[in-house]
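# Secondary and tertiary structure notes
Spelled out, the chains give:
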Amino acid sequence: MTKHLLEVKDLCKWYEQDKNRYLVLKNLDFKVEQGSFVVVMGKSGSGKTTLLNILGLLDNFNEGSYVFNGQDVTKMTENQRCSFRNNHIGFIFQQFYLIESLTVAQNIELPLLYHGGYSSEQRIDMVKKSLQDVELEEKFKSYPNELSGGQQQRISIARALVNEPDVILADEPTGALDWKTGLKIIDILVKLNKQNKTIIMVTHDSDLKKYATHCVFLKDGIFSEEDNI
Ligand SMILES: Nc1ncnc2c1ncn2[C@@H]1O[C@H](COP(=O)(O)OP(=O)(O)OP(=O)(O)O)[C@@H](O)[C@H]1O
Ligand SMILES: [Mg+2]
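Residues numbered from 1 in each chain as written. Chains lettered and ligands numbered in written order. Predicted model: local features only at pLDDT ≥ 70, side-chain atom pairs only at ≥ 80, totals over all residues. Heavy atoms only, no water.

### Description of the pairing of strand β3 (residues 37-42)
Burial analysis of β3 places 6 of its 6 residues in the buried class, which makes it a mostly covered element. By the alternation rule, side chains of β3 split into Phe 37, Val 39 and Met 41 and Val 38, Val 40 and Gly 42, which are all buried. Here β3 pairs with strand β8 (residues 198-202) via 4 bridges, running parallel. By the bridge assignment for β8, Phe 37 is matched with Ile 199. Two strands pair when backbone bridges link them, and β3 and strand β9 (residues 214-219) are joined in this way by 5 bridges, in the parallel orientation. If you follow Val 39 over to β9, its bridge partner there is Cys 215. (Buried < 20%, exposed > 50% of the residue type's maximum accessible area, 1.4 Å probe, protein only. Helix = DSSP H or I, 4+ residues; strand = E, 2+ residues; numbered from the N terminus. Pairing = 2+ DSSP bridges.)

### Considerations on the site of ligand 1
Within the structure, ligand 1 sits among Tyr 15, Tyr 22, Val 24, Lys 43, Ser 44, Gly 45, Ser 46, Gly 47, Lys 48, Thr 49, Thr 50 and His 204. Contact between ligand 1 and Gly 47: an oxygen atom at 3.0 Å from a main-chain N or O atom of the residue. Within the side chain of Thr 49, one N or O atom sits 2.8 Å away from an oxygen atom of ligand 1. For ligand 1, the accessible surface in isolation is 640 Å², of which the surrounding protein chains cover 60%. If one sorts the elements of the shell around ligand 1 by residue count, helix α1 (residues 48-55) sits on top with 3 residues. Each residue belonging to the shell around ligand 1 can be placed in one class, and the counts come to 3 nonpolar, 7 polar and 2 charged. (Near = heavy atom within 4 Å. Polar contact = N/O pair within 3.5 Å; in protein donor to acceptor, adjacent residues only side chain to side chain. Areas by Shrake-Rupley, 256 points an atom, 1.4 Å probe, with all protein chains shown as cover. Nonpolar A, V, L, I, M, F, W, Y, C, P; charged D, E, K, R; others polar.)

### Looking at the layout of surface pockets
Considering only enclosed or pocket space, the largest pocket measures out at about 460 Å³ in volume. Lining the largest pocket are 18 residues, with Asn 86, Phe 91, Pro 111, Tyr 114 and Arg 159 positioned closest to its centre. Going through the elements one at a time, α2 (78-88), β6 (89-93), α3 (104-115) and α5 (149-161) are the ones with two or more residues in the lining of the largest pocket. In terms of residue count, the dominant contributor to the lining of the largest pocket is β6 (4 residues). Class assignment of the residues belonging to the lining of the largest pocket gives a composition of 12 nonpolar, 4 polar and 2 charged. Lining the second largest pocket we find 16 residues, and of these Phe 30, Lys 31, Val 32, Val 38 and His 214 sit closest to its centre. Elements supplying a minimum of two residues to the lining of the second largest pocket: β2 (20-33), β3, α1 and β9. Here the lining of the second largest pocket takes 5 residues from β2, the largest share from any one element. Across the lining of the second largest pocket, the residue classes break down as 10 nonpolar, 2 polar and 4 charged. (1 Å grid on protein atoms, 1.4 Å probe; cavity = no way out; pocket = protein on both sides within 12 Å on 5 of 7 lines; lining within 4 Å. Points joined across faces, edges and corners; volume = space filled by probe spheres on them.)

So, in structure tokens, the structure goes:
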């Protein structure tokens, strides 16, 4: 039987403004298999980031259910959600969000420090392994402002990988990069997917659909299989 890593049922998300309810995600139903590379597309404002933030437990939803690896996320306390997020989910954002005052190695090490329980030797080994995955071992001691945008994004991928998460959520990871630099990022994500990492990536770039095992389009709060954006 196929193993589903994520299962979302009847999920609704709305915002309230001046007593009006503004529905962003309407009864979404979907499952993501372990090892998938899901590409999510849709117009600006269609709810892609909202969905990714919900999947990454950075945001709550109003109705429906979300089961991650057999665990109902709605039943978790805030503390459990935080440690679950740190242990199981890796994030990559359009704007990298590296800490300028820390070296590359220290940035990548942060999720391991939040996790706790690793010796400093273990942490160094794990950081080095992540840097190998993004082919930037030589930047171990550099600071983020000594790197190009593409290299900074690769470091943020290394940081997302270091805890060996079950899923990588990427919100427009190539959005701040030129086309060629962006392709290098996609190459790395494709390589990780071939190693059976599950990836969910939001993008505006329809050329990137070809790298996906599944592609969905968000429109008016629901999924459509067709390219109608
Ligand atoms: N905190 C909030 N309060 C109220 N409305 C919000 C909030 N966050 C998002 N929205 C609204 O929800 C809708 C979906 O926003 P979201 O950021 O998910 O879109 P998106 O598809 O990621 O867009 P883009 O492609 O521009 O990044 C938008 O109409 C937005 O204005
Ligand atoms: Mg967005």
